[in-house]
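# Observations on the three-dimensional arrangement
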Amino acid sequence: MSERGNSGNSGERRNEQGRQRNRGASGERRFSVAAPSQRKRRADPARLTAFEVLRAVAEEDAYANLVLPARIRENRLDKRDAGFATELAYGALREQGLYDAVLARCVDRPLDQLDGAVLDALRLGTHQLLSMRVPTHAALDETVGLARAVIGAGPSGLINAVLRKVAARDRDEWVAELLQGLDDDVSRSALEHSHPEWIVRALRQSLAAHGRRAEEIEDLLAADNQAPVVNLVALPGLGSLDEALAQGAEPGTLVPGSAYYAGGDVSRLDSVRAGTTRVQDAGSQLVARALADVALPEGGRDSVWLDLCAGPGGKATLLAAIAAGRGATLTANEPTPHRAELVRKALHAVPEDHWILTVEDGRDYGNAANAGRFDRIMVDAPCSGLGALRRRPESRWRKSPKDVAELTILQGELLDAALSALRPGGVVAYVTCSPHPAETRAVVEDVLKRNPDARLLDTGAAADAACLDGTLGTLGAAHPLDAARPGDGDAALGNTVQLWPHVHRTDAMFLALLTKGAAGRPATKD
Ligand SMILES: C[S@@+](CC[C@H](N)C(=O)[O-])C[C@H]1O[C@@H](n2cnc3c(N)ncnc32)[C@H](O)[C@@H]1O
C-alpha cells in the first residue's frame with residue numbers, strides 16, 4: 001500500500017485530513033523544502049494507475065471506464081488505492097476544461113506545446129490540489145515523483161514550478177479569477193462545471209424544450225460531474241434483489257424491481273454472476289418497461305417484439321425477460337459482431353425459446369420482407385451519449401457538434417425502418433441516451449412528417465404508469481397529452497419524456513412512443 005492514509009514520508013493523510021491542513025496560520029500554503037531533484041523518484045501505484053488511464057485515453061482513444069479496472073488489477077491496488085485512483089483519473093478527465101484553463105495561466109507557453117505526458121501529470125496534480133483532500137506538499141512531491149519515474153527527470157522542475165503556482169489559490173479562487181471578464185452565461189457555466197460550451201448550449205435548449213427552468217442548468221452540469229450510484233435490476237420472473245438488499249442495497253425509488261447499490265464490486269453477488277440481477281441505469285429500465293407495458297392502441301397480437309439496436313444487451317435482456325413472462329419472443333438485433341456477442345451473453349439468463357439474435361444493419365429491417373412484422377419495437381438509437389457524461393468522464397471532450405449532425409441521419413433512418421417493420425396498432429419506443437434536441441425531438445418530428453400514418457402516443461402517461469410512484473409524467477414530460485400532428489404547433493411534440501440526472505438520478509434518457517395506423521391512414525387517437 002502506498003503511504004497515503006498515514007503521515008508517511010509525504011505527510012499526506014488521504015481521506016482523513018483536508019487540504020487546509022497544510023496551510024500555515026496565515027492561510028498560505030506550505031511547500032516541501034526539498035528541491036524537485038532531491039525528492040522521491042518512485043511512482044505511487046494509485047497515481048501511476050490514474051496516469052496510465054489518462055495516457056491511454058489520450059493516445060489510444062481508450063475509454064477510461066474500460067481501461068481503469070484492468071490497470072487497477074495489473075497494478076494490484078487494494079480497495080482504498082483503487083478508490084483513490086478512480087477519483088483521480090475520473091476527476092482529472094471530467095474537469096480537464098477547468099484545469100487546462102488554470103494551467104494556461106501557470107505555464108509560460110501554449111498548453112498544446114507541452115508534451116502530452118507532462119500535461120497529463122499536471123492535470124493529475126491540479127486535481128489533487130484543487131478538488132481532492134490531498135495536502136499540497138504531497139500533491140507536489142507525488143506528482144513530481146510520478147513524472148521522474150515515468151517521464152524522466154527533465155520535466156520535473158517545470159511540473160514542480162507550475163503546480164506551485166496552481167497551489168497558490170484554491171479552487172473557488174481560481175474559478176472566480178477565471179470568470180472575471182466572462183459575461184456570457186454559457187461560457188461561465190461551461191468553465192465553472194467543466195463542460196464544452198456547445199454541450200452547455202444543447203442542454204440549456206433541451207431543458208427549455210421540456211418546460212424546465214433555465215437555472216436548472218447549474219444542477220444538471222454539477223450532476224454530470226458526480227459518479228452515479230450503481231443501479232441494479234432483477235429480471236422479472238427470473239431474478240431477485242434479496243441478496244443485494246441483504247448486502248446493503250436500497251430499494252429503487254423510480255422503477256419496480258430495482259435497487260441502488262453502493263457496496264462496491266457487484267460481481268461478488270451470486271445473482272449478478274448468474275445474470276438474473278443486472279447492473280442497469282434506472283432510466284434504461286424505465287424506458288424498457290414503458291414500452292413493454294403501454295397498452296397497444298388497437299389491442300390484438302402482442303407476441304412478436306424487436307430490439308433494433310440491442311448491443312450490449314441491457315434493455316434487450318430486460319425486454320426478453322418480460323417477453324418470456326408473457327409468452328412473447330424478442331428478436332435482439334445488433335450489427336456489430338462483438339457487441340452482438342455481448343447481447344448473447346446478457347441474454348443467456350433468459351430461456352432460449354424467448355429470444356433470437358440477429359446481426360444486421362437495423363435499417364435493413366425496413367425492407368419489404370419485414371413490413372408489419374412486429375408488435376413492439378425498441379429503437380435505442382446510437383447517439384452522442386450526452387445523457388451519460390457522468391459515466392464516461394472523457395467523452396464530453398471527444399464529441400463535437402459534427403458527430404451529432406451525422407448521428408441524426410442514422411437515427412431518423414432507424415426510426416423509419418422500425419415504423420415500417422411495425423404492424424398497424426403496434427408501438428415503437430424511440431430512445432436516446434442524449435437530451436440533445438437534434439437527436440430527440442427533431443428526429444421524431446422529421447420522422448412523423450415522413451410517415452403520415454404514424455403518431456405520438458401519450459409517452460408521459462406510459463412512463464408514469466411504468467414508474468413506481470406515478471409522478472414521472474409530472475416530472476419528466478412538459479405537457480399533458482397531446483397527440484396532435486406536426487404542424488399543429490410546438491405542442492405537437494410536447495408529449496415526450498426526458499429524464500435528468502439532477503432530477504431523477506438517471507442518465508438523461510429521452511423516450512417517445514409512437515404508433516401507426518393501417519397503411520395509408522393515420523393512426524387513430526386513443
Ligand atoms: C445506445 S446503444 C444501444 C444500447 C442497448 N439498447 C442497451 O440497452 O444495452 C446503440 C447500439 O446501436 C448499434 N448500432 C449502430 N449502428 C446501427 C445500425 N445501423 N443498426 C442497428 N444498430 C446500430 C450500436 O452498435 C450500439 O450497440
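Per chain, residue numbering runs from 1 following the sequence as it is written. Note on the predicted model: pLDDT of at least 70 is required for a residue's local features to be given, and 80 or more for side-chain atom pairs to be given and counted; whole-chain, interface and lining totals, by contrast, use all residues. With hydrogens and water set aside, each side-chain value is computed from the structure's full complement of heavy atoms.

Naming follows an unreviewed UniProt entry, where the protein appears as Transcription antitermination factor NusB of Arthrobacter ginkgonis.

The next point concerns the packing of aromatic side chains. Aromatic rings considered in pairs are described by the distance between their centres and by the relative angle of their planes. Pairing of aromatic rings covers Phe, Tyr and Trp, the last through its six-membered ring, and needs centres within 6.5 Å; plane angles under 30 degrees mean stacked, over 60 mean edge-to-face, and all others mean tilted. Per the counting criterion, the structure on display carries 2 aromatic pairs. Seen in terms of ring centroids, Tyr-365 and Phe-374 are 6.0 Å apart; in terms of plane orientation they differ by 55°. Their pairing is tilted. Both residues of the pair, Tyr-365 and Phe-374, count as buried. Between Tyr-430 and Phe-510, the aromatic rings sit 6.3 Å apart at their centres with planes inclined by 70°, giving edge-to-face as the arrangement. Taken together, the residues span a long stretch of sequence, with Tyr-430 in strand β9 (residues 422-432) and Phe-510 in strand β12 (residues 510-516) at a distance of 80 residues. The same class applies to Tyr-430 as to Phe-510, namely buried. The cationic tip of Arg-169 hangs over the ring face of Trp-174; the distance from NZ or CZ to the ring centre is 4.8 Å. When the NZ atom of lysine or the CZ atom of arginine is within 6 Å of a ring's centre and also within 35 degrees of its normal, the charge is said to sit over that ring. One residue, Arg-398, lies across the ring of Tyr-63, its end atom 5.8 Å from the ring centre. Only protein chains enter the accessibility calculation, which uses a 1.4 Å probe; a residue whose area is less than 20% of its type maximum is buried, one above 50% is exposed, and one in between is partly exposed. Only runs of H or I of at least four residues qualify as helices and only runs of E of at least two qualify as strands under DSSP, and these elements are numbered from the N terminus.

Only a pair of cysteine sulfur atoms within 2.5 Å counts as a disulfide in this structure description. All chains considered together, the criterion is met by 0 disulfides. Cys-383 takes part in no disulfide bond, and the closest cysteine sulfur, belonging to Cys-433, lies 5.5 Å away.

Quick look at the site of the ligand now. Nearness here has a simple test: a residue counts as near a molecule or strand if at least one of its heavy atoms is within 4 Å of that partner. Gly-314, Glu-334, Arg-339, Gly-362 and Asp-380 are the nearest of the 19 residues found near the ligand. Here a polar contact means two N or O atoms within 3.5 Å. Within protein one must be a hydrogen donor candidate and the other an acceptor candidate, and residues neighboring in sequence count only if both atoms are side-chain atoms. Separating an oxygen atom of the ligand from a backbone N or O atom of Gly-311 is a distance of 3.0 Å. Between an oxygen atom of the ligand and a side-chain N or O atom of Glu-334, the distance comes to 2.7 Å. Each accessible area is a Shrake-Rupley result for a 1.4 Å probe, and residues are judged covered by the shown protein chains and nothing else. Protein chains shield 84% of the accessible area of the ligand, which is 600 Å² for the free molecule.

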